[in-house]
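A look at the structure
As a plain string of letters, each chain reads:
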Amino acid sequence: MTDDDATQKTIAKTLWSETLIDLLIISLQNEQSDEKVTELLKELRQKKFKRDYIISKTKKALGEKASNRVRLLLAKT
């Protein structure tokens, strides 16, 4: 594998990870069911995102109420 190949994989992985965060925020904005939000949270956790990071991003984008919901849903996963 060349350095260019490794860079492309890293960029793709990072873009997909940020897309998951965006999808989570959109799901919360649209008041999706806990089940759908939990699916996204599980995928983010599989990608090694830390709970505090997910909660922080949610709080920054949507405020305290949404971040509390995410905190509770993360506790269940």
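Residues numbered from 1 in each chain as written. Predicted model: local features only at pLDDT ≥ 70, side-chain atom pairs only at ≥ 80, totals over all residues. Heavy atoms only, no water.

**Some points on the overall build of the chain**
In terms of helices and strands, the chain carries 4 helices and 0 strands. Along the chain, from the amino end to the carboxyl end, the secondary structure elements read α-α-α-α. For the chain, the share of sequence-separated contacts (at least 6 apart) that also reach a separation of at least 24 residues comes to 58%. Only carbon and sulfur atoms are counted for the fraction: they give 51% of the accessible area of the chain, which is about 5600 Å². (Helix = DSSP H or I, 4+ residues; strand = E, 2+ residues; numbered from the N terminus. Contact = heavy atoms within 4.5 Å. Areas by Shrake-Rupley, 256 points an atom, 1.4 Å probe, with all protein chains shown as cover.)

**Considerations on the nonpolar core**
Among the nonpolar cores identified, the biggest contains 15 residues, and Leu24, Val37, Leu41, Leu44, Ile54, Val70 and Leu74 are the most heavily contacted of them. Sorting the residues of this core by element identifies helix H1 (3-29), helix H2 (34-46), helix H3 (51-62) and helix H4 (64-76) as the ones contributing at least two each. Looking at this core, the element that brings in the most residues is H1, giving 5 residues. When sequence neighbours within four positions are dropped, the list of residues in contact with Val70 reads Leu28, Leu41, Ile54, Ile55 and Thr58. (Core = buried A, V, L, I, M, F, W, Y, C linked by side-chain atoms within 4.5 Å. Buried < 20%, exposed > 50% of the residue type's maximum accessible area, 1.4 Å probe, protein only.)

**Quick look at the side chain of Ser27**
Position of Ser27 among the secondary structure elements: in helix H1. Exposure remark for Ser27: the relative accessible area of 12% places this residue in the buried category. Once residues lying within four places of it in the same chain are set aside, the contact partners of Ser27 are Gln32, Val37 and Leu40.

**Digging into the side chain of Thr58**
With respect to the helices and strands, the residue Thr58 is situated in helix H3. When near neighbours in sequence (up to four residues on either side) are disregarded, Thr58 contacts Leu24, Leu28, Gly63, Ala66, Ser67 and Val70.

**Structural notes on H2**
In this model H2 runs 18 Å from its N-terminal to its C-terminal C-alpha over 13 residues, within 8% of the 18 Å that 1.5 Å per residue would give. Among the residues making up H2, those that are buried are Val37, Thr38, Leu40, Leu41 and Leu44. Projected onto a plane normal to the axis of H2, the buried residues spread over an arc of 160 degrees and lie on a single side. Exposed residues lying more than 90 degrees from the buried face of H2 are Glu35 and Gln46. At the exit of H2 stands Lys48, carrying a positive phi of roughly 75 degrees. (Expected span 1.5 Å × (residues − 1). Arc of directions from axis to C-beta.)

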